[in-house]
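# Observations on the three-dimensional arrangement
Single-letter residue listing:
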Amino acid sequence: MDYSQLLQSLESVCGDGLQTARTRAHAEEVIQSFKGMQHLLPACRFILEHTHSPQLQFHSAAAVREAVAREFSVYRVEDIQGFEGWLLEYCSSRTQVPRYVRDALMSAVATIAKRLMLETGEQEAWLLLEKLRQLRQGNKDQQVLCLSLATALLDEFGTSSKSSPLRLSLEMHHQAKKTFMDVCLIHVWQMVLETLHSRIAIPAAADELTEGEDVLLNNAITVSDRIISWDFQQDEANPAFAGSVQKDADADDQDTDELPLLLPASWREAVNNDVIGLLFMVYQRLQGTASLASNHCRHVLIRLANVAGPVFTTKDAVQSWCLAFLSQITPYLKAMVTAGNTVTEIGPHSLGLAKMARAILVPGVHTDAILNGDAILWEFLGAAAESMIWLCREASRNGGDHEESSWLWEAFDGFAGVWAGILKEVNSHEDNQAVPHLRSVCGRVSEAYVQCRLESAAWSVEHEDDEELDIDQDEKDWEQNEEQLTVVATLVRESPTTMVTLLQLLTERVNAYKMAQAQQQFGTHVYVLHEHMHWLLLVSGFVLAEDPHGDSEKRVTYVLPHIPDISQIVLTYTQMIGTEQEELWSPQVVETLWWWLERWTPSYLFVDSYPAFSGDAGREIASFIVDRMKVHMEGWASEASVILQIAKTLKTFAGHQKLRDGMLLTPTFHTLVEYLVKNIEKLPEVAHGVVVETITIFAAGATQADVRAHYMSLVMNSVEKDFVSLVQRPDFSKIAQQNVVFSKLIDTMDMFQGLCRGVQPQTINEIFGLVAKYSPHMLELLKIYGSVPEMIMSILKVYVTLVQSTVIAQLAPEAQTVLTQHSLELMKVYDSITKSQKESHEIADEPYGDVILIMEFLSNLVALDLQRARAQSVSLSQSPNHEVILYGWHILLPKVTADALEIPQIAIKNASLIRDLVEYYPDKLNALPDEVLDTIRRGLSSNLGSPVYEVVDSLYQGISAFALFACSLQRKDDVASLTRLAGPIDGLLETALGNLLFGHVDSNLVGQAAAALLPLIWCSKQKYEMLVRGLLDQHAANSSTHQRLVNAFTKLTAAIPPELPEGVTLARSKELGEFNKHLFVFLNETRGILMQR
C-alpha cells in the first residue's frame, strides 16, 4: 500500500472535513475505513512519523488500540514489543503534542501492554515498570509522560466502564488485572509518592512554580487518586463478564468515599504514617489553588482514612494510623475556626475533614484512649467541638443563603455524628471524668445549633423580599433535615441544660404569643415568632420522640427530666391556636405542631413510664387532642397542608392499637367523626381519601359491634351520599362534562379508594358490598369518560385497591361470585373504551398508566385464586377468576408494545403475569391462538439485555415457566400441542442464548438464566444444535478460536441431563445446580472470543 497517499487522504479529511456537518460524514467514513485496514500497525507508525495533524495523531492512536485487539496474532511478540517501545520514544521526542493526543497514545501503549502481559506474564509487567522508572528519572516532560502512562495503565487494567477494546475472556481480563496489581500497582504508587515528595520540596514561591500551577504535582495527585480508588478486593465471586458492565460497578453517582478500603498486607509500608504527613503537605499546597487537584488530594485522604483489613496486624497499628490522621486534621480544624470563611472552598474542605474524622473514629477502637486522656485524641476532640459550633454559625449566616451552607451543614452532621458515636461508647463509664466533659460539649453544641437555627429563621423573615433568597418548600423541614435533627436530638438528650433551654425557649415563645394575642400587636416580630416556634417544635419533636411509622417494638420512650414540662407547654400551645382568620397564627406552625403530635403521641400517651400521660390522665389528653383536631380542622379548613397533616396524624393514631382503643373511648372522638363525615366537603379534597381511610380503620378497631357498625355507617353513607347525588341525577348525562361535576366524581373515587385502603377483616364484607353496589355506575362512568385519563385511572385504582386489600377467606361466598362478575365486566368495559386508542399511553397521565393498573389488578386476582386454592385444596383451573384473568390478559396483549416494554415497571409486571399464567393455568395455554403465543415470546424476549436487574430476573422466571410447560407436554407426548409451541420455544432459545453470548449479562443473574436455558434446550435440542453449528461455522477460519469454542460448547452440552425434574422441583435440583456451574464457566470462556470483531 502507498502509505504516502493514505497519509494525504487522511490529512485532507482530518482538517476541515471534521469541522462542518456537510463533510463530516465523508470524513468519518474515510477514518473508519482506515481503522478497518488489515496489517494496520505499520500504517499507523508511518502516519504518526510523518503527520503534524493533532486530529490524525489522535485517530491513529485509536487505530493502534483496535489493531492490537483485532490483529495481535498476525505479528510476532517481539514486533509488538518493539512497536510499544517506539510509541513511548515517539511521545518522549514530541513534547509539544496536545494533551489529548498524548493521552490517546498512552492509552494505545497501555492496551499493547495488557495484551503482551497475557503472552509473557510478569516479564511484561517488569519491563513496563522499568519504562516508567526511566521516564520518572527523566526531564520534566518525561515525568509528565510517566504520569500520563500511569493513568492509562490504571484505566486499562482496572475494572471500569472505560473498558478496553480487547475482547478477551473474563479469565484473561482478571489474569492481566491480577498480574498488574501484584507486580506493578504498589511500585506505581511509590513512584507517584516520590514525585509528590520532590515537588513539595520545592518552595511554593520558587521561580519554577510562579508561572502557573504545578503540572507535575497536580498530575501526580490525580494518579494517586486513581490508584487508591482501585478495587483491591478482587471480587471473584461477583465479576462482570466480558462485554458487560456489572451493575453499579462504575456508576458515576455512587458515593464510595466512606466504604472500607481493604488494602493487601503487602501495602503495609506503602501507606505508613509518613505518607499521611506527605499527603497533608500536598493538600496544604493545593488548597489555595482551587484546582481539581485539591479535590483529588482530599479524596485520597478520605479513602486512606477508611483503610482497613490485612494492612493492619494489631489494634495498636490501627490506633497509630488514626492518631497520625487526627494530628494532621486538628490544625486544619483550628485554622478553619480562626480563619473563617476566608479558606478557599471552605464547604468541601470542612466536609472532607468530617468524612476523615468519621472514618478514623471507628466505634469501639478508641474508647480506652479517650478514657485514658490521650493527648492527640483530646486535642482533636477540643478542636472538633469548636468546629461544630463554628459550622453551625457559618452555615446559618445570612439565613443560610450562601453557596457553602449545604456543605457546612453536612460537615456539621458528620462531626456531630462522630461525637454522638463516641459518647455512646463511653457512656457506661460514668465514673470517668471524660464522660461529663463530653456531655458538656453536647450541651454547648446543641444549644449553639438551636440558637443558630433561630437566628437564621429570623434573618430569613427580615430579608424575605431579597430576590436571591430561595427557600425550598417542596420538602418539609422535618424530611429535609431528618438526619441532622436526629443526631442533634441525640446530643440534646445527653445534656440536661439543653433540655432546660428548650423548655425556656418554648415557654418564652408561648408567652410571646399570649402577649401578642392580648395586645393585638402584629408585625414582623410575629413572623419571627412563627419561625422560632416552627424550629423549636422540630428540634423538640426529634428530641422527645422517634419516627411513629417505624417498628413499634423498637420505639423508645425516653425517660428524661423536663419531658413532661416540654410536653405540657406544647399541649398548652395547641390549646391556644385560633383560626386561619386570626392574623396571629401561621399555617406552617400549625402543620408542624400536628407533625409534633404525630411523633409524640404514640411514644408517650398511655405509656406507664409517665403517670401524667397514662391512665385517666392519658384518656383526658387523648380527649383533648381529638377535640383540638376537630377545632383546628374547622378553623383551618381551607389550608390543605394543615388539614392533610391533621388527617395523617389521625391515621397514625389509628395504626397504633393502644392509641386507637384509647381514643375510641374518649367522649370527643364520636363528635370528631360526626363532624368529619358531615362536613367532609368543606375540607380540602386532597385530604378526603385519608380521612375516609382513617375513620374506616378506627371503626374496625371498635370492640363493640354497635359502635363499629355506627362508624362504618357514618363513613359509608358519607361516601355514598356524595356519589349518588351525582350519578343518579336525571340530568347527569347533560352535566357530566362540567368541570365541577368531573372534579366531584374524581373526589368520590378517591374516597372509595380510602374505604378500600382501610379494609380490615371486620369490615371487608361491608366495604365490598358498597363498592359492588355502585360498581355498575363506576363502569358506566368509564364509558362516559373513556377518553379522560384522570377518570380512567381513578376508577381503576378503586378496583385495584379493593382486590389488593381483600383476603379471600374473609369474603362471603356470594361476594366472591360478585367479585368475579364485576371483574369480568370491568375488563369488557376497559376493552371497549381502549380499542379506539392507537396506544394505551394516550389515555394515561403517566406512560401506560392504565396498562400498569390492569396488570396489577390481574396479578391481584391470581393472588386471590392462590389463596382460594390453598384454603380449599382445589386446582386453580377450577377457580372462577381464571376466565377473567385470561380475558384481561388477552386485552393487554396488543397494548404491551415494544415501546411499553422499555418501561421497567411494565416489563417486570408483564413477565410476572406471563409466569403466573403459565405456572398456574397451564391447561389454558393450549387454547390460545398462535399469534398470542408469539406475543408471549416477544414479551419475554424483548428486554433480556436490560441493565435493570429486576426486569431480567422477571423475564427469566417467565421464560423458565413457559419452557417447563413445554417440557411437560413433551413428557406427555402431546405432539400436537408441542408443535404449536415449537416456534415460540425456538425463538426464546435463540434470544436467550444470543443475549448470554453477546448482550449485557449481570453475573448475579446466571442462576436465573440457567433455570430458563436448561428447559429450553431440553425441549428444543435440534434448535440448540443448529445454533451451536452456526456459531462454530462463523469462526471456522481461525482454528484456535474454533477449537476453544468447540471445547466450551461440548462441556456445556455434556451438562444437560437426559431427564429433567418436573415443575418447580427443577429450581432445587442437583441437575440445575450442575448446569448453572457449567454455564458460568462457559460464559467466561466464550463471551470474549465471540465478541471479537
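Given the structure is predicted, the values throughout are model-derived calculations rather than measurements. (Residues numbered from 1 in each chain as written. Predicted model: local features only at pLDDT ≥ 70, side-chain atom pairs only at ≥ 80, totals over all residues. Heavy atoms only, no water.)

## Description of the overall build of the chain
- Looking only at helices and strands, the chain features 47 helices and 2 strands.
- By principal-axis analysis of the C-alpha atoms, the chain measures approximately 95 × 85 × 60 Å.
- Classification of the 1093 residues of the chain by burial places 56% in the buried group.
- Accessible surface, the chain as shown: approximately 46100 Å² in total, 50% of it carbon and sulfur. (Helix = DSSP H or I, 4+ residues; strand = E, 2+ residues; numbered from the N terminus. Buried < 20%, exposed > 50% of the residue type's maximum accessible area, 1.4 Å probe, protein only. Areas by Shrake-Rupley, 256 points an atom, 1.4 Å probe, with all protein chains shown as cover.)

## As for a negative patch on the surface
- Together, Glu410, Glu475, Glu479, Glu482, Glu483 and Asp547 line one region of the surface with negative charge.
- Asp547 sits in the partly exposed class, given a relative accessible area of 37%. (Patch = residues over 30% accessible without salt bridge, like charges linked within 9 Å, V, L, I, M, F, W, Y side chains within 5 Å. Salt bridge = Lys/Arg side-chain N within 4 Å of Asp/Glu carboxyl O. Lys, Arg positive; Asp, Glu negative; His and termini not counted. Charge placed at Lys NZ, Arg CZ, Asp CG, Glu CD.)

## Examining the state of the cysteines
- Enumeration over the complete set of coordinates arrives at 0 disulfides.
- Free cysteine: Cys967, not disulfide-bonded; nearest cysteine sulfur from Cys1019 at 4.1 Å.
- Classification of Cys967 by relative accessible area gives buried; the value is 0%. (Disulfide = S-S within 2.5 Å.)

## Re helix H11 (residues 215–228)
- Compared with the 20 Å implied by 1.5 Å per residue over 14 residues, the 20 Å span of H11 between its first and last C-alpha is a close match.
- When we look at burial in H11, the residues that qualify are Leu216, Leu217, Asn218, Asn219, Ala220, Ile221, Val223, Ser224, Asp225, Ile227 and Ile228.
- Looking at where H11 begins, the residue whose side-chain oxygen comes 3.3 Å from the main-chain nitrogen of Leu216 is Asp214. (Expected span 1.5 Å × (residues − 1). Polar contact = N/O pair within 3.5 Å; in protein donor to acceptor, adjacent residues only side chain to side chain.)

## Quick notes on the side chain of Asp953
- Among the secondary structure elements, Asp953 is positioned in helix H42 (residues 949–971).
- The buried charged residue Asp953 lacks any salt bridge partner; its closest oppositely charged side chain belongs to Arg915, at an N-O distance of 7.2 Å.

## Examining the pattern of salt bridges
- Tallying each qualifying case throughout the model produces 38 salt bridges.
- Among the salt bridges present, the one from Glu156 reaches Arg65, with a minimum N-O distance of 3.1 Å. Pair noted here: Glu156 is in helix H8 (residues 140–157) and Arg65 is in helix H4 (residues 54–71), with a separation of 91 residues, a long-range link.
- The exposure class assigned to Arg65 is partly exposed, which follows from its relative accessible area of 23%.

## A look at unusual backbone geometry
- The backbone of Phe606 sits at a positive phi, close to 65°, despite the residue not being glycine.
- With a relative accessible area of 12%, Phe606 lands in the buried category.
- A positive phi angle, near 60°, is found at Asp973, a position not held by glycine.
- You can see Asp973 is positioned in the loop between H42 and helix H43 (975–998).

## Here we look at the packing of aromatic side chains
- Scanning all chains against the criterion turns up 33 aromatic pairs.
- Taken together, a centroid distance of 5.7 Å and an interplanar angle of 45° make the contact between Tyr283 and Tyr332 tilted. Of this pair, Tyr283 sits in helix H12 (residues 273–287) while Tyr332 is found in helix H14 (residues 315–339), placing the two residues 49 residues apart along the sequence.
- Residue classification places Tyr283 among the buried positions, given a relative accessible area of 0%.
- Given a relative accessible area of 8%, Tyr332 falls into the buried group.
- Among the aromatic residues, those joined into a ring-pair cluster are Phe280, Tyr283, Phe312, Trp321, Phe325 and Tyr332.
- The ring of Trp409 is capped by Arg453, whose NZ or CZ atom sits 4.2 Å from the centre of that ring. (Phe/Tyr/Trp six-rings, centres within 6.5 Å; stacked < 30°, edge-to-face > 60°. Lys NZ or Arg CZ within 6 Å of the ring centre and 35° of its normal.)

## Quick notes on the environment of Leu1032
- By the element assignment, Leu1032 lies in helix H45 (residues 1021–1034).
- For Leu1032, a relative accessible area of 15% puts it in the buried group.
- Separated by 12 residues in the primary sequence, Leu1032 and Arg1044 have C-alpha atoms spaced 9.9 Å apart.
- Each residue touching Leu1032, except ones within four places of it in the same chain, is listed here: His1042, Leu1045, Val1046 and Phe1049. (Contact = heavy atoms within 4.5 Å.)

## Thoughts on the nonpolar core
- Among the nonpolar cores identified, the biggest contains 399 residues, and Trp267, Leu304, Phe325 and Phe752 are the most heavily contacted of them.
- For this core, the leading source of residues is helix H9 (residues 170–200), giving 14 residues.
- Apart from the residues within four sequence positions on either side, Phe325 is in contact with Ile276, Phe280, Leu301, Leu304, Ala305, Met356 and Ile360. (Core = buried A, V, L, I, M, F, W, Y, C linked by side-chain atoms within 4.5 Å.)

## Regarding the confidence of the model for the chain
- Across the chain, pLDDT averages 87, with 91% of residues at or above 70.
- Within the model, the stretch residues 245–254 combines pLDDT values under 50 with 15 contacts to residues more than four positions away or in other chains.
- Counting contacts from residues 466–472, a segment whose pLDDT is below 50, to residues more than four positions away or on other chains yields 10 contacts. (pLDDT = per-residue confidence, 0-100.)

## Concerning the packing of helix H13 (residues 292–305) against helix H15 (residues 346–360)
- Two numbers describe how H13 lies on H15: the axes approach to 8 Å, and their chain directions differ by 15°. In terms of axis orientation, H13 runs roughly parallel to H15. As for the relative orientation of H13 and H15, their crossing is left-handed in sense. On H15, the residues touching Arg298, Leu301, Ile302 and Ala305 of H13 are Pro348, His349, Gly352, Lys355, Met356, Ala359 and Ile360. (Axes fitted to C-alpha atoms, helices over the stretch in contact; angles between N-to-C directions. Parallel < 35°, antiparallel > 145°, perpendicular 65-115°, else oblique. Left-handed = near helix turned anticlockwise from the far one by under 90°.)

## With respect to empty space enclosed by the protein
- Inspection of every chain in the model, using the stated rule, returns 5 cavities of 30 Å³ or more.
- Space inside the largest cavity adds up to approximately 100 Å³.
- Forming the boundary of the largest cavity are 14 residues, of which Val952, His1000, Val1001, Asp1002 and Leu1005 lie nearest the centre.
- When contributions to the lining of the largest cavity are tallied by element, the ones reaching two or more residues are H42, H43 and helix H44 (1006–1019).
- Top contributing element to the lining of the largest cavity by residue count: H42, with 3 residues.
- Its residues placed into classes, the lining of the largest cavity shows 10 nonpolar, 3 polar and 1 charged. (1 Å grid on protein atoms, 1.4 Å probe; cavity = no way out; pocket = protein on both sides within 12 Å on 5 of 7 lines; lining within 4 Å. Points joined across faces, edges and corners; volume = space filled by probe spheres on them. Nonpolar A, V, L, I, M, F, W, Y, C, P; charged D, E, K, R; others polar.)

## Concerning helix H1 (residues 3–14)
- In a regular helix each residue adds 1.5 Å, so 12 residues correspond to 16 Å; H1 covers 16 Å between its end C-alpha atoms and thus fits that length.
- Of all the positions in H1, only Leu6, Leu7, Leu10, Val13 and Cys14 are classed as buried. With its buried residues spanning 140° around the axis, H1 presents them on a single face. Facing away from the buried side of H1 by over 90 degrees, the exposed positions are Gln5, Gln8 and Ser12. (Arc of directions from axis to C-beta.)

## What to know about the packing of helix H41 (residues 930–941) against H43
- It is the contact of H41 with H43, at a shortest axis distance of 9 Å, that shows an interaxial angle of 15°. In terms of their interaxial angle, H41 and H43 are classed as roughly parallel. Considering the relative orientation of H41 and H43, their crossing is right-handed. Contact residues: H41 offers Asp930, Leu933, Asp934, Arg937, Leu940 and Ser941, while H43 offers Arg980, Leu981, Gly983, Pro984, Gly987, Leu988 and Thr991.

## A short note on the side chain of Thr696
- Here Thr696 is to be found in helix H30 (residues 688–701).
- Polar contacts involving the side chain of Thr696 include one to the main-chain carbonyl oxygen of Val692, which spans 2.7 Å.

## So, the environment of Glu394
- Of note, Glu394 is situated in helix H17 (residues 375–395).
- Along the backbone, Glu394 and Trp409 are 15 residues apart, and their C-alpha atoms lie at a distance of 8.9 Å.
- Within the structure, Glu394 has its side chain in polar contact with the side chain of Arg397 (distance 2.7 Å).

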